[in-house]
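Observations on chain architecture
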Amino acid sequence: MEDATHRRRARLALGLSTVAFSVCFACWILNAVLVTFLASSGLFAFSESQISWLLAAPILTGAISRLPFGLLADRLGGKAVFTSLMLLVAVPLFGVSFATSFSGFLVASFGFGLAGGSFAVGVSYVSSWQKKENQGTALGVFGMGNAGAALTTILAPILLAWFTKGGTELEGWRLLPRVYAGALVVIALGFAAFAPPFQRPEEAPP
């Protein structure tokens, strides 16, 4: 009975982590789609150098943040850190909708990059619920959350066209990051409410 309960909770942890990771990656790649749209529409006159910085900032932050977030997940538990990370990323995500200058976009871009740290958190959390012989498969499923990036690449331009009414009301772009921030908060609260608590690998049934 205990083993069946553990398997059920392990599947729940894996499923919710994969969804959360997908949404985090969708938010992570949003910056590139947004900057490209704003530059090509002429709404912001970013130079080539500024565009390079805006596109590179989230990648840099995402790469650097994986180590500290991974350490925190091992120490404090993946559930708590994953939830906190999503709520934290929602702040610059919502804040970029008020940006009016390169510096504002740059600060938000660095904030977006924290979403990239979700990979390390998810790996720690998912692994804690899996037996050693199942960890490879489970992490492979979790890694499919990368599809969130593809989803944004397809969906964000459609939403931008809708919010800006086909490009006739360009200020409508500000709705897009707000929608993403709202979705991230909803996922974070759902994760906090339904994800099983973090456990250490040695606590799992043999």
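Everything discussed here concerns the structure shown above.
Below is a summary of the structure that appears in this document. Per chain, residues are indexed from 1 in the order of the written sequence. A pLDDT threshold of at least 70 governs which residues receive local features in this predicted model, and a stricter bar of 80 or more applies before side-chain atom pairs are shown or counted, although totals over entire chains, interfaces and linings include all residues. Excluded from the side-chain calculations are hydrogens and water; all other atoms, namely the structure's heavy atoms, are used.

**Comments concerning the overall build of the protein chain**
Helix and strand definitions follow DSSP, with helices as H or I runs of at least four residues and strands as E runs of at least two, each counted in order from the N terminus. Looking only at helices and strands, one finds 8 helices and 0 strands in the protein chain. Secondary structure of the protein chain in N-to-C order comes out as α-α-α-α-α-α-α-α. What the globule rule says is 2.2 Å times the number of residues to the power 0.38, and the radius of gyration is computed from C-alpha atoms. In terms of C-alpha radius of gyration, the protein chain reaches 18 Å, essentially the compact-globule figure of 17 Å for 206 residues. Overall size of the protein chain, expressed as C-alpha extent along the three principal axes, is 60 × 30 × 25 Å. Burial classes: relative accessible area under 20% of the type maximum marks a residue as buried, over 50% as exposed, and values in between as partly exposed (1.4 Å probe, protein chains only). Relative to its 206 residues, the protein chain shows a buried fraction of 46%. We call two residues in contact when some of their heavy atoms are within 4.5 Å. Put simply, of all contacts in the protein chain between residues at least 6 apart along the chain, 83% involve residues at least 24 apart.

**Describing the side chain of Arg174**
In this structure, Arg174 sits in the loop between helix H7 (147-163) and helix H8 (175-194). Arg174 gets classed as buried once you look at its relative accessible area, which sits at 14%. Sequence-distant contacts of Arg174, that is, excluding residues within four places in its chain, are made with Phe44, Val96, Ser97, Phe98, Ala99 and Thr100.

**A word on the side chain of Ser127**
Following the sequence through the fold, Ser127 ends up in helix H5 (residues 118-129). On the basis of relative accessibility, which here comes to 13%, the residue Ser127 falls in the buried class.

**Here's the deal with the environment of Gly145**
When you line up the elements, Gly145 lands in the loop between helix H6 (135-143) and H7. Exposure remark for Gly145: the relative accessible area of 0% places this residue in the buried category.

Any functional reading would require information that these geometric values do not contain.
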